[in-house]
Amino acid sequence: MSDFDAILTGARLPEDQVPVCTRADLVAEWKRLAQQLTEAKARDAADPRLAGGATAALVERMEALRGQVEESTVEFRLRALPRKRWNELADAHPPRQKDGKVHPDDVALGVNIETFLPALVRASTVEPKLKDKTWAALLDAEGELLGEQQWRRLWKSCWNLNVADVNVPFSVAGLLTSPGSGSESGSPEPSA
């Protein structure tokens, strides 16, 4: 028999971690080098006399870049807001109205996405602890600190922490076997 009081007093809001690379230019360079590496490996396979030289130099450059990317990546630890705080935040950023109609960009989420999403990200961020000036630069839609893809990863994670269903995970065994074969499937989704 469970002690429901103990279970409920041990409740925690969901959390997530989102890595944000502040040097996306290095990631783009790494991808360019990865394409060159693929081409060099194909050339080396076609003519074994060419094997090694270009491939080794590319791998070395890629490893150096990977280290720089890791050093320039900030891990954001995010936590869902308590219900009261979520509702207060949403109420503070109502959808924009024009001619008695909700702005088309605000319809899906039911809030003013231009003001709500930056406020949500800031309110949901547990770490890193940032100064107001840094937050202003980070959340500036016209700024150059976050690309669109990075921004979407941050706000979507915050949104999902607060509104997505929290389900009991499937058994790990379902991830390890494919139906009927008993062998490892490599499938990220369990069989239902």
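Quick note: structure is the one above.
Residues numbered from 1 in each chain as written. Predicted model: local features only at pLDDT ≥ 70, side-chain atom pairs only at ≥ 80, totals over all residues. Heavy atoms only, no water.

Novice: Looking at this model, I keep getting lost on the packing of helix H6 (residues 113-124) against helix H7 (residues 132-139). Mind explaining?
Specialist: Each packed pair of helices is defined by two parameters, the angle between the axes and the distance between the axes. Interaxial distance between H6 and H7 falls to 11 Å at its minimum, and their mutual angle equals 135 degrees. Here H6 lies oblique to H7, going by the angle between them. Both H6 and H7 take part in a crossing whose hand is right-handed. Only Asp132, Trp135 and Leu139 of H7 make contact with H6, whose side of the interface consists of Pro118, Val121 and Arg122. Class assignment of the residues belonging to the contact of H6 with H7 gives a composition of four nonpolar, no polar and two charged. (Axes fitted to C-alpha atoms, helices over the stretch in contact; angles between N-to-C directions. Helix = DSSP H or I, 4+ residues; strand = E, 2+ residues; numbered from the N terminus. Parallel < 35°, antiparallel > 145°, perpendicular 65-115°, else oblique. Left-handed = near helix turned anticlockwise from the far one by under 90°. Contact = heavy atoms within 4.5 Å. Nonpolar A, V, L, I, M, F, W, Y, C, P; charged D, E, K, R; others polar.)

Novice: Hey, could you run me through the pairing of strand E2 (residues 73-79) in this one?
Specialist: Side-chain direction in a regular strand flips from residue to residue, so the side chains alternate between the two faces of the sheet. Pairing between strand E1 (residues 15-21) and E2: seven bridges, direction antiparallel. The residue of E2 that forms the bridge with aspartate 16 is leucine 78. Pairing of E2 with strand E5 (residues 125-127) involves two bridges; the strand directions are antiparallel. Across the sheet, residue leucine 78 finds its bridge partner in E5, namely threonine 125. (Pairing = 2+ DSSP bridges.)

Novice: When you look at the layout of surface pockets in this model, what are you seeing that I'm missing?
Specialist: The rolling of a water-molecule-sized probe over the atoms marks out the regions of remaining empty space. If you add up the space inside the largest pocket, you get close to 320 Å³. Looking at the largest pocket, it is lined by 15 residues, and the ones nearest its centre are Leu139, Asp140, Ala141, Glu148 and Trp151. With four residues, H6 is the largest single contributor of residues to the lining of the largest pocket. Residue composition of the lining of the largest pocket, by class: 10 nonpolar, two polar and three charged. (1 Å grid on protein atoms, 1.4 Å probe; cavity = no way out; pocket = protein on both sides within 12 Å on 5 of 7 lines; lining within 4 Å. Points joined across faces, edges and corners; volume = space filled by probe spheres on them.)

Novice: It is not clear to me how the packing of helix H4 (residues 83-92) against H6 should be interpreted in this structure. Could you clarify?
Specialist: Where H4 meets H6, the closest approach of the two axes is 10 Å, and the angle between their N-to-C directions is 155 degrees. Viewed along their axes, H4 and H6 adopt a mutual orientation that is roughly antiparallel. Like other packed secondary-structure pairs, H4 and H6 cross with a definite hand, here right-handed. Residues Arg85, Trp86, Leu89 and Ala90 of H4 form the contact with H6, whose participating residues are Phe116, Ala119, Leu120 and Ala123. By residue class, the composition of the contact of H4 with H6 is seven nonpolar, no polar and one charged.

Novice: What's the story with the packing of aromatic side chains in this structure? I'm lost.
Specialist: The relative placement of two aromatic rings is captured by the distance of their centres and the angle of their planes. The tally for this structure, following the rule as stated, stands at three aromatic pairs. Ring centres 5.5 Å apart and planes at 90 degrees place the aromatic pair tryptophan 86 and phenylalanine 116 in the edge-to-face group. With tryptophan 86 in helix H4 and phenylalanine 116 in helix H6, this residue pair connects regions lying 30 residues apart in the sequence. For phenylalanine 116, a relative accessible area of 0% gives the class buried. Plain terms: the ring middles of phenylalanine 116 and tryptophan 159 are 6.2 Å apart, the flat faces sit at 85 degrees to each other, and that makes the pair edge-to-face. Placement of phenylalanine 116 in helix H6 and of tryptophan 159 in helix H8 (residues 148-163) is noted, with a sequence separation of 43 residues between them. Residue classification places tryptophan 159 among the buried residues on the basis of a relative accessible area of 14%. Taken together, the aromatic side chains of Trp86, Phe116 and Trp159 make up a single cluster linked through ring pairs. (Phe/Tyr/Trp six-rings, centres within 6.5 Å; stacked < 30°, edge-to-face > 60°. Buried < 20%, exposed > 50% of the residue type's maximum accessible area, 1.4 Å probe, protein only.)

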